[in-house]
Every structure is written in structure tokens, then in C-alpha cells.
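# Results of the structural survey
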Amino acid sequence: MSFDDAYAALTDHQDDTRWAYGTGFSDPLAGVPTDVPGGVDAADLTAYCLMLGDDALIMSHRLQQWVTRAPELEDEMALANIALDLLGQARLLLTRAAQAEGAGRDEDDLAFRRDAADFRHVRLAERADADFAHLVARLLVFVTWRLAVLDGLRGSRDPVLAAIAAKGVKELTYHREYAAQWVVRLGDGTAESHRRMRAAMHAVWPAIGELFRPHPVPDRLAEAGVAVPAAAARAEVDAVLSQVLAAAGLPPPTATDGGATDGGAGRDGAHTAALDEILAEMQGVARATPGGLW
Amino acid sequence: MTGPEVVPAAVAAAAVTDPELPMLTLADLGILRGVEESAGAVTVRITPTYSGCPAMEAIRADLIGALRRAGHRRVEVRTVLDPPWSTDWITPQGRRKLAAAGIAPPGPAPRRSPGPVPLTLGARPAPVPCPRCGQPDTERLAAFGATACRELRRCPGCREPFEHVKEI
Ligand SMILES: [Zn+2]
């Protein structure tokens, strides 16, 4: 196919699959071995991949909502790129969850045909952002934490999870630089931007505790060499956040372990009304037109 | 079914171009990880550049189409995730083609040292020369460009904006 004739390149196809958009994507793990490693509980592996996949899926959706609303075109492209990377991680992880579950479901069933109480992401992912400072504060916390977790999963005994993590670490390193540089720019900017960045860090702080709350699924899988315990990422996250706050001239927020975010944990399916809004938007078309192509 | 008109599968697969960087073949980009022919069936292994690479579906369709036109009816395209793609896998020929198209090729991918991934906070990365006039250093306009693998830069010499394939 020649680059010289873009029109021919676009039309030179024997099937029309690429022109149809719907929920029926091809398996992103096509050809990757699907076995669950010996000694690993398949139900736990399913639950853990759902947790990590839902974190990425819901955070990606929140980022997509900023496209057309960001202060500059360059930031819309950045947020769209970060959202796309997270969506890719979500597709791989939900597909891995469906494989390990072995009940005939696929990534689309898990993304589009589950109810709110069946989602397993941390509540940090579903929060709405009051302004751009709130967005970059939340993004910084989320990607700093996720980078630390996935970095630990590169050595997982589940080879699929390890490969997804190794790929994600490279992407999240870029995401974290983007978020950190915005926090520094706003914190170290005008009096107004400093005030708003400080308020945003203060607002997100109580949501941090939930990220490290022990949970039996990752803890059991950590014993089997598959997962990292929820609490394990804390030291790295604290160190990075301290580094960014210092560079931004922001005081460390005064709170709180934040262990009890509104009294529930997203990992157990306890979510806020924010998730209902997200799912109404994200799942609406897929539920209204099952198998639809457009 | 084979005949004298059949092009070897490895040759046909290597000539397929990337939908987002169409000056590069999949082999130039380093995402083609293997082509095997066995008992009349072809297995092609590819790896995504980024987890969310939206071109994977198109690449899969392009490979199957190109191999069919080359005379191979039974084609399977498999995804390989490990080891993850690195810009270090872009071939020397691929780098020359990028530069000729006005896109600055990547420098060496970052080396990973033991311990947590360091946060650089924009500490000065290696300079990126201008692909048009050769000015040795240029400024970054945006870390995220039109596709996941590119960033947008500008040359202080010729004043032209250009894209750069980010090291990963
Ligand atoms: Zn120049």
C-alpha cells in the first residue's frame, strides 16, 4: 500500500470492519496464552484484574469529559492521550479478568453491562473535578499510585498481568510528569492559581487513604506472588507527592489518614452517585442498542 | 494453495505500512515480532506501541489483507505484549524515513535503574535536533501530540514546528 496515494490507501480494503464502530472490538489479547498459573485462585485473579481495570476505565472516562473543556488545545490532546492509554490498559485488564473468570464474558460485558455495585475501582477514580486544578491534583495522585502499583506487578507470576504492567509503567511515567508539572506550574504561579491549587490538593487528600486500605484479594494474591499488597505502594506515593508539593511551594495538606472516604470502599462496590452519572453516559448507547454498529 | 505468484509471507507482512506513521513499514517501526509459515498457514505476531493504540485493529486487518493478496489464505495475527515495545526497536532505516518526512526520530530510550521510577519534573532531557535545518536543540511545545507516540516541538532557527517520536 503506497503512502503516495492516501486515497487508495484508505479505500484499498477487502472488508469493511474498520468502518464499523460498536462494542464488538476484537480481543486485545488475541493469541496471548490464557492459562491461569498453577497455585493461583482464578476467582481472586478475576477480582484483582477487575479492580485494576475498573480504576483505569473510570478514570479514563473522567478524563475524556475534559476534552473540549481544557484551558488549551495542547492540554486536551494530553488528556485525550492519557485517557486513551488508560482505556487501553482497561481493555487488556478486563479481557484478562474475563479469561480468568471463564464464564464466557468479554471486555464489553464487563464495561458496558455491569451495574454500579459490581464495579471495583477506588472512589478516587470516579470523583468529578470542580476545576482544572482539581483535575491535575486528582490525576497526580491517581497516576503516581498506579505507577507504583504496576511497577511492582512487573514481576507478577501471572505473565499476562506482568506484561500489561510493564507496558503501563512506561505510559504512566509520561502521565505523572504531565500532572506533576501542572501542579508545580499552578502552585508556583500567581496568587490565584496558588490558592486554587492548594484548595485542590486539600480536597483530594482525604481520598488517598482508600488507595492503601488492605483488601483480602490483593493480599492473598500477593502471597501467591501475583499481586502487590494494597499498602505496599504507600512509601513511593508519599515520597513523590512530597517532592511535587515542595517544588510547587504548596504546604502538605493537613489531613488525615482519610481511611474512611464517605464510609465505604470502592473495592467492595460501595460507590457514590458520581458513578451512576458516569455509567449512564458510558453505558447508555451500548445498553440501548445491544450489538449495535455505527 | 500455493503457486509461482505467491509472495513469501515474511516479505508481504514486512511491507505493510503503519496507519499512523505511513512512511514506516511495520518492520521499520519494530512492531512486527515474527512471521511463521507452517502447513499452509501463516502466523504473524505483532506488539502494540502503546496499550491504547487504536491502530491495532487496522494493522490486523491490513496484515490479513496483504497476506491474502500475496496468496496466503490462512492467516492468524497474534498479539505479543512481552517484552513491551520500545522506540529502540525502530530500525535505522525507519529513523531515516522519519527524518526525511520531517519527524525527528527518537533518541535512546530511557534506561531503567533499580528502585522507583524517578520523577524528573521536566529536568532538561537530551536535546532534539531540528529535522529540517539541523539546529542542534529545539523547544518542546506539547508533550502529547496527534498520536500517542509523538510530541510537538518548534525550532528556534527556522521557526518551523515539527513532531518528534518520544523515547519510550
Ligand atoms: Zn529548524
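Model, not experiment: these values are computed from the prediction. (Residues numbered from 1 in each chain as written. Chains lettered and ligands numbered in written order. Predicted model: local features only at pLDDT ≥ 70, side-chain atom pairs only at ≥ 80, totals over all residues. Heavy atoms only, no water.)

The next point concerns the domain arrangement of chain B. Residues and elements named next belong to chain B. Taken domain by domain, chain B comprises domain 1 (9-79) and domain 2 (92-165). One C-alpha centre belongs to domain 1, the other to domain 2; they are set 27 Å apart. On the side of domain 2, 10 residues touch domain 1, which itself brings seven residues to the contact. With both chains or domains summed, domain 1 and domain 2 bury close to 760 Å², and 69% of this area falls on carbon and sulfur atoms. Here domain 1 and domain 2 share one salt bridge between them. At the junction of domain 1 and domain 2, the tally comes to four residue pairs in polar contact (both at pLDDT 80 or more). Taken together, the residues of the side of domain 1 that touches domain 2 break down into four nonpolar, one polar and two charged. (Domains from an automatic or database assignment. Contact = heavy atoms within 4.5 Å. Buried area = accessible area lost by both parts, 1.4 Å probe. Salt bridge = Lys/Arg side-chain N within 4 Å of Asp/Glu carboxyl O. Polar contact = N/O pair within 3.5 Å; in protein donor to acceptor, adjacent residues only side chain to side chain. Nonpolar A, V, L, I, M, F, W, Y, C, P; charged D, E, K, R; others polar.)

In this section: the nonpolar core. Ranked by internal contacts, the top residues of the largest apolar core, which has 99 residues, are A:Tyr48 and A:Met197. Residue contributions to this core peak at 16 residues, all from helix α5 (residues 132-153) of chain A. Excluding residues within four positions of it along the chain, A:Tyr48 makes contact with A:Val149, A:Leu153, A:Leu161, A:Val217, A:Pro218, A:Leu221, A:Ala227 and A:Val228. B:Met23, B:Ile31, B:Val77 and B:Cys149 belong to the second-largest nonpolar core, a separate cluster that totals 32 residues. (Core = buried A, V, L, I, M, F, W, Y, C linked by side-chain atoms within 4.5 Å. Buried < 20%, exposed > 50% of the residue type's maximum accessible area, 1.4 Å probe, protein only. Helix = DSSP H or I, 4+ residues; strand = E, 2+ residues; numbered from the N terminus.)

This part is about the coordination of the zinc ion. Residues and elements named next belong to chain B. The protein atoms donating to the zinc ion are Cys 130 (SG), Cys 133 (SG), Cys 155 (SG) and Cys 158 (SG), with metal-donor distances spanning 2.3 Å. One can describe the donor arrangement at the zinc ion as tetrahedral, given that its four donor atoms subtend angles of 103 to 118 degrees at the metal. Considered as a linear motif, the donors of the zinc ion on their single chain read C-x2-C-x21-C-x2-C. In this pair, Cys 133 sits in the loop between β4 (103-104) and β5 (139-142) while Cys 158 sits in the loop between β6 (150-154) and β7 (161-165), placing the two residues 25 residues apart along the sequence. (Donors = N, O, S within 2.8 Å, 3.2 Å for Na, K, Ca; no water. Tetrahedral: all angles 85-135°; square planar, octahedral: opposite > 155°, others 65-115°.)

Under the UniProt annotation, the feature "domain: PaaD zinc beta ribbon" (unreviewed entry) is placed at residues 120-166 of chain B. The distance from the first to the last C-alpha atom of residues 120-166 of chain B is 15 Å, and the span holds 0% helix and 30% strand. (UniProt positions renumbered as here; feature names shortened; annotations may be inferred.)

So, on to the UniProt feature "domain: MIP18 family-like" (unreviewed entry) in chain B. Sequence positions flagged by UniProt for "domain: MIP18 family-like" (unreviewed entry) are, in local numbering, residues 15-77 of chain B. For residues 15-77 of chain B, the end-to-end C-alpha separation is 15 Å, with 29% helix and 27% strand making up the annotated structure.

Our next topic: the interface of chain B and chain A. Listed per partner, the contact involves 44 residues of chain B and 49 residues of chain A. The largest contributions to the chain B side of the interface with chain A come from B:Leu81, B:Leu119 and B:Phe144, which together make up 21% of the buried area. Scanning the region where chain B abuts chain A turns up two salt bridges. We note a salt bridge from A:Asp151 to B:Arg112, for which the minimum N-O separation is 2.6 Å. Viewed at the interface, chain A and chain B are joined by 14 residue pairs in polar contact (both at pLDDT 80 or more). Where the side of chain B that touches chain A is concerned, the elements lending two or more residues are α3 (56-69), β3 (74-79) and β5 of chain B. Across the side of chain B that touches chain A, the residue classes tally to 22 nonpolar, 11 polar and 11 charged.

Here we take up the packing of aromatic side chains. The description of two aromatic rings rests on the distance between their centres and on the angle between their planes. Residue and element names in this part refer to chain A. In total, this model carries four aromatic pairs over all chains according to the counting rule given. Ring plane angle 75 degrees and centroid distance 5.9 Å describe the contact between Trp 66 and Phe 132, whose orientation is recorded as edge-to-face. Here Phe 132 lies in helix α5 and Trp 66 lies in the loop between α2 (42-64) and α3 (73-101), a separation of 66 residues in the sequence. Owing to a relative accessible area of 6%, Trp 66 belongs among the buried residues under this scheme. (Phe/Tyr/Trp six-rings, centres within 6.5 Å; stacked < 30°, edge-to-face > 60°.)

Let's shift gears to the environment of A:Arg120. Residues and elements named next belong to chain A. Take Arg 120: it is sitting in the loop between α4 (107-112) and α5. Arg 120 sits in the partly exposed class, given a relative accessible area of 23%. In this structure the C-alpha to C-alpha distance between Arg 120 and Ala 163, which are 43 residues apart in sequence, comes to 22 Å. For Arg 120, the residues in contact, after removing those within four places along its chain, are Leu 50, Met 51, Asp 54, Asp 55, Gly 266, Arg 267, Asp 268, Gly 269 and His 271. Within the structure, the side chain of Arg 120 is placed 2.9 Å from the backbone oxygen of Ala 117, a separation counted as a polar contact.

Each regular strand displays side chains that alternate between the two surfaces of the sheet. With six bridges joining them, strand β2 (residues 41-46) of chain B and β3(B) adopt parallel strand pairing. Counterpart to B:Val42 in the pairing with β3(B) is B:Val75. (Pairing = 2+ DSSP bridges.)

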